[in-house]
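Structural overview
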Amino acid sequence: MLSYIKFHIKDRCFNFKKTKTFSVRNTISLILIALTLVACNSKADISGKLEGVVEKGTKIYLLHPENLKDVAASFFGKVIDSTVVNSDGSFEFNNIPKTKEPVLLEIAIAVPEKASNYLQTDNQATANFMPIVWKSGKSLKINAKVDAFQKSFSMEHPSEVNKALLALRDVNQKAYKTYLEGKHWELEDGSQLMEKEHAILQYQTELINFADSTPNLIPALVATRWVSTANDYERVPEFLVRQCETWKKKQPNHPWAKQLCTLSEPANLPVLVGDSFPDFKFPMITKDTLSLKEQLGDKLTIIDLWASWCAPCRIENREVLVPIWDVYHDKGLQIIAYGLESNEPAWKAATERDGANRWHQASHLQGDDTPFLKRIRVKTIPANFILDDKGVVLAKNVHGEALIDWVKNYIKN
């Protein structure tokens with residue numbers, strides 16, 4: 001009497017008659033099938049389940065950012081694996097290249113009509129990706145919601161570095177909700193531009209604080225990229241310098257630490273707090289030429305970068321700088337304003353209308369293509385530098401009531 005052995009491999013059944021003797025071919029076949037069974041029963045490198053899958057054929061991608069600038073950047077990560085999510089929300093990645101060292105990967109839900117390596121970075125509440133660190137030989141299992149992927153992302157038994165990334169995610173989500181989510185600013189006339197910039201800076205500060213405090217390189221670098229996915233660190237250059245100093249000591253050979261330090265080289269950043277502000281000969285509105293170092297105040301000098309066409313600059317002139325000048329000029333305060341102007345009559349009219357003709361006004365009348373801005377490596381206005389009596393930068397980009405308070409507290413001391 002014959003008996004049967006049944007093998008199930010991915011919903012296909014194979015029946016083999018069991019006899020007392022087997023041919024060599026049958027023996028080899030059984031060995032191959034057994035090996036296949038072992039492979040099928042082994043855990044996937046990365047697997048998980050998505051909640052809220054409603055569209056058939058939903059795809060999920062595994063990306064590898066090969067350089068620091070590729071982290072959290074749309075269209076830059078290299079797709080190394082992809083899979084269609086099953087009807088029950090389950091998915092598996094099985095084709096991850098083996099590496100000796102842990103590697104940062106990004107898991108991303110496909111966005112309709114977008115490229116496979118598209119990452120949603122504008123709205124953190126609906127971000128479609130999450131960075132993870134994967135190590136060869138270690139399986140990861142995750143869970144998330146389709147419509148709030150990063151926000152709901154969780155991982156079973158995360159490593160210490162993945163715990164840090166999850167903590168960073170929480171900081172990112174909370175900061176976004178607190179300072180940016182649902183906020184709308186009227187920017188057509190520029191009146192709320194400074195309010196928006198302040199909110200962005202508060203959001204960035206939460207990520208900066210995380211990067212400065214974490215003992216883990218990769219989470220620190222992800223935080224650094226989340227501070228500005230556009231690689232614009234003009235308003236927070238000192239942060240980049242701190243990060244470079246930290247990681248070139250702790251992990252000097254890591255390629256991303258080296259890339260970070262390249263970003264933080266002085267030639268790539270504006271003048272920093274603690275630097276001596278470069279001396280410069282300014283063409284003045286009076287047609288004179290003055291040296292900055294010869295015009296420093298006895299206690300403080302504010303270098304103000306503005307333009308007649310810049311609405312928040314004009315508000316700052318009238319509501320902040322005029323009151324500061326009137327109270328503190330005789331107590332050692334100097335203001336030197338540099339205008340990004342190309343229309344001399346409009347420039348002069350603005351200084352007179354705002355009362356900004358009280359202090360020194362300079363411009364090359366070359367718009368924003370000016371040698372002074374290139375020298376100090378600034379592209380964004382309003383901007384300012386606050387110098388001591390020796391020309392050393394004490395603070396930067398302090399505006400509004402905060403600037404009034406800063407000057408008051410410094411001069412009274």
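One finds Ile46, Ile60, Ile107, Phe149 and Phe153 to be the most contacted residues of the largest nonpolar core, which totals 65 residues. With 8 residues, the single largest contributor to this core is helix H5 (residues 217-227). Setting aside its immediate chain neighbours within four residues, Ile60 contacts Leu50, Asp81, Ser82, Thr83, Val85, Phe91, Phe93, Ile107, Ala108, Ile109 and Phe149. Ranked by size, the runner-up nonpolar core spans 49 residues in total, among them Leu296, Ala356, Ala362 and Ile386.

On to unusual backbone geometry, then. Put simply, Ile381 and Pro382 share a cis peptide bond, and its omega is 0 degrees. Positionally, Pro382 belongs in the loop between helix H10 (371-376) and strand S16 (383-387). Positive phi, close to 60 degrees, is recorded for Arg377, a residue that is not glycine. Given a relative accessible area of 30%, Arg377 falls into the partly exposed group.

What follows concerns the pairing of S16. Regular strands have side chains that alternate between both faces of the sheet. In terms of burial, S16 is largely enclosed, as 5 of its 5 residues are buried. On S16, burial covers both faces: Ala383, Phe385 and Leu387 on one face and Asn384 and Ile386 on the other are all buried. In the sheet, strand S13 (residues 300-306) pairs with S16 via 5 bridges, with the strands oriented antiparallel. Across the sheet, residue Ile303 finds its bridge partner in S16, namely Phe385. As paired elements, S16 and strand S17 (residues 393-396) share 3 bridges and run antiparallel to each other. Residue pairing across strands places Leu387 opposite Val393, the latter belonging to S17. A loop of 5 residues connects S16 with S17, the two strands running antiparallel in sequence, and Gly391 in this loop sits at a positive phi of about 90 degrees.

Now for the state of the cysteines. This model, assessed by the stated rule, comprises 2 disulfides. Two residues share a disulfide in this structure: Cys244 and Cys261, whose sulfurs sit 2.1 Å from each other. Judged by the sign of its S-S torsion, about 105 degrees, the cystine formed by Cys244 and Cys261 is right-handed. On the criterion of sequence distance, the pair formed by Cys244 in helix H6 (residues 237-250) and Cys261 in helix H7 (residues 255-263) is long-range, its members being 17 residues apart. We classify Cys244 as buried; its relative accessible area is 6%. Given the relative accessible area of 16%, Cys261 is considered buried. Each disulfide pairs two cysteine sulfurs, and for Cys310 the partner residue is Cys313, the sulfurs being separated by 2.2 Å. Between Cys310 and Cys313, the S-S dihedral sits near 75 degrees, and the bridge is therefore right-handed. The same class applies to Cys310 as to Cys313, namely buried. Numbered in order of appearance, the disulfide-bonded cysteines of the protein are paired 1-2, 3-4.

Glancing now at the pattern of salt bridges. All chains considered together, the criterion is met by 15 salt bridges. A salt bridge links Lys163 to Glu160, with the shortest nitrogen-to-oxygen separation between them at 3.3 Å. On the criterion of helical spacing, the pair formed by Lys163 and Glu160 is a turn pair, its members being 3 residues apart in helix H3 (residues 160-179). The salt bridge involving Lys390 is made with Asp389; its shortest N-O contact spans 3.3 Å.

Quick notes on the rules
- Residues numbered from 1 in each chain as written.
- Predicted model: local features only at pLDDT ≥ 70, side-chain atom pairs only at ≥ 80, totals over all residues.
- Heavy atoms only, no water.
- Core = buried A, V, L, I, M, F, W, Y, C linked by side-chain atoms within 4.5 Å.
- Buried < 20%, exposed > 50% of the residue type's maximum accessible area, 1.4 Å probe, protein only.
- Helix = DSSP H or I, 4+ residues; strand = E, 2+ residues; numbered from the N terminus.
- Contact = heavy atoms within 4.5 Å.
- Pairing = 2+ DSSP bridges.
- Disulfide = S-S within 2.5 Å.
- Salt bridge = Lys/Arg side-chain N within 4 Å of Asp/Glu carboxyl O.

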